[in-house]
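Coordinates in review
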Amino acid sequence: MGQIRAILLPGSVLPAQAAYGALIAALGPDVQAITKDLELYSGDEPPAGWSLDTEIDGVLREAHARGWETFHLVGYSGGGAAALAFAAKHPDRLLSLALLEPAWAGNWDWTPAHAELWKKYDQLETLPPEQFMPAFMRLGVRPDVVLPPPPPGPPPPWMAKRPAGIEAFLRIFKTYDLDRARLAAFRQPVFFALGGLSNPDDYGEIASRLSRVFFPDFHLEVFPKRHHFDPPHRIEPERLAELLLRHWRQAGG
């Protein structure tokens, strides 16, 4: 069997290499893993008309540039939502799908608790910039989780783009048509990594909902000590690498 080919999409905060560097090292030489930054951050402002389809087009260009007809796709947070959209529109290009707490998974079959949570996400748009990120992070974890303070020193230059990028994701989630029926027709294996300390009304609800959509080839792996902002690809890369390798090898290709 040749090298495993995978494209990894990051979330709406860290750049791809910073997010996935430890995981790529843990995956080893048998995996050709490509970290692809989001199209959302290709300029100083979100591109005009940006949507999840923009991210889909970016993945297609990346695959075409490498001559990859098929590949495995991994997505975390906002990148996970883009990966779901890709699976719905181009299932024939994927050997498997791996979701690391996708930020959103369609606007159907929401629980009341999930709907209530999204009302709080909507309220973030009214906050001043200095309050936006702390409030955004607080919504993603269990109430008793203590979030770390920002690192000392000035923020990196790319951080200035992140509030506008997150807001762009939140806006497109309200209107984007993620087709449930097309996702349900996806036949390749789906892996989902869930942090035990993440907000269960958010990522836990999404995992439960997608397990019904992708049944029977859906595998959920819980990382009890992790949450959305200290995810397994950064904190437990060796364990996640082992699980992804098993997932990819079972998928074949």
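As the structure is a computational prediction, the values presented were derived from the model and not from experiment.

1. Considerations on the nonpolar core
Of all hydrophobic cores here, the largest spans 62 residues; its most connected members are L52, L73, L97, L210 and F214. With 8 residues, the top contributor of residues to this core is helix 3 (residues 78-89). Among residues more than four places away in sequence, those in contact with L52 are A81, A82, A85, W104, F169, I172, F173 and Y176. In this structure, A33, V74, F191 and A241 belong to the second largest nonpolar core, which totals 22 residues.

2. Things to note about the sheet that holds strand 4 (residues 94-102)
Across the sheet, 6 strands lie side by side as 2-1-3-4-5-6; this open sheet has parallel pairing. The strands lining the two open edges of the sheet, one partner per strand, are strand 2 (31-35) and strand 6 (218-223). The sheet shows a mean angle of 20° between the axes of neighbouring strands, direction not considered. Set on the sheet, helix 2 (residues 52-66) makes contact with strand 1 (4-9), strand 2 and strand 3 (71-77); between it and strand 1 the angle comes to about 150°. On top of the sheet, helix 8 (residues 200-213) reaches strand 4, strand 5 (190-195) and strand 6; it is set at about 160° to strand 5, its chief contact.

3. Let's talk about helix 10 (residues 237-251)
Each α-helix winds once per 3.6 residues, and so residues spaced three or four apart point in a common direction. The first and last C-alpha atoms of helix 10 sit 21 Å apart over 15 residues, in line with the 21 Å expected at 1.5 Å per residue. Within helix 10 the residues assigned to the buried category are P237, L240, A241, L243, L244, L245, H247 and W248.

4. Describing the packing of aromatic side chains
The geometry of two aromatic rings is summed up by the distance between their centres and the angle between their planes. Using the criterion set out here, one finds 14 aromatic pairs in the structure. Each ring, one from W118 and one from F173, has its centre 6.0 Å from the other, and the planes form 80°; the classification is edge-to-face. With W118 in helix 4 (residues 112-123) and F173 in helix 6 (residues 162-175), the pair connects residues that are 55 residues apart, well separated along the chain. Residue classification places W118 among the buried residues on the basis of a relative accessible area of 8%. Here the aromatic rings of F192 and F218 are separated by 6.1 Å at their centres, their planes lie at 45°, and the arrangement is tilted. With a gap of 26 residues between them, F192 in strand 5 and F218 in strand 6 connect regions that are remote in the sequence. Classification of F192 as buried rests on a relative accessible area of 0%. Accessibility expressed as a relative area gives 16% for F218, which makes it buried.

5. Points about empty space enclosed by the protein
Here the structure, examined in full by the defined rule, presents 3 cavities of 30 Å³ or more. Roughly 110 Å³ of internal volume is contained in the largest cavity. Considering the residues around the largest cavity, the lining is formed by 13 residues, among which S77, A103, F136, L170 and F173 are closest to the centre. Looking at which element gives the most residues to the lining of the largest cavity, the answer is helix 6, with 4 residues. Across the lining of the largest cavity, the residue classes break down as 9 nonpolar, 3 polar and 1 charged.

6. As for the pattern of salt bridges
Summed over all chains, the structure comprises 14 salt bridges. The partner of R61 in a salt bridge is E39, with the nearest N and O atoms 2.9 Å apart. Highlighted residues: R61 in helix 2 and E39 in the loop between strand 2 and helix 2, separated in sequence by 22 residues. Looking at E39, the relative accessible area reads 17%, which means it is buried. The partner of R209 in a salt bridge is E205, and the shortest N-O contact between them spans 3.2 Å. Residue R209 and its partner E205 are both found in helix 8; the two are separated by 4 residues, about one turn of the helix. A single burial state applies to R209 and to E205, both of which are buried. Connected via shared salt-bridge partners are K36, E39 and R61.

So, how was this worked out
- Residues numbered from 1 in each chain as written.
- Predicted model: local features only at pLDDT ≥ 70, side-chain atom pairs only at ≥ 80, totals over all residues.
- Heavy atoms only, no water.
- Core = buried A, V, L, I, M, F, W, Y, C linked by side-chain atoms within 4.5 Å.
- Buried < 20%, exposed > 50% of the residue type's maximum accessible area, 1.4 Å probe, protein only.
- Helix = DSSP H or I, 4+ residues; strand = E, 2+ residues; numbered from the N terminus.
- Contact = heavy atoms within 4.5 Å.
- Pairing = 2+ DSSP bridges.
- Axes fitted to C-alpha atoms, helices over the stretch in contact; angles between N-to-C directions.
- Expected span 1.5 Å × (residues − 1).
- Phe/Tyr/Trp six-rings, centres within 6.5 Å; stacked < 30°, edge-to-face > 60°.
- 1 Å grid on protein atoms, 1.4 Å probe; cavity = no way out; pocket = protein on both sides within 12 Å on 5 of 7 lines; lining within 4 Å.
- Points joined across faces, edges and corners; volume = space filled by probe spheres on them.
- Nonpolar A, V, L, I, M, F, W, Y, C, P; charged D, E, K, R; others polar.
- Salt bridge = Lys/Arg side-chain N within 4 Å of Asp/Glu carboxyl O.

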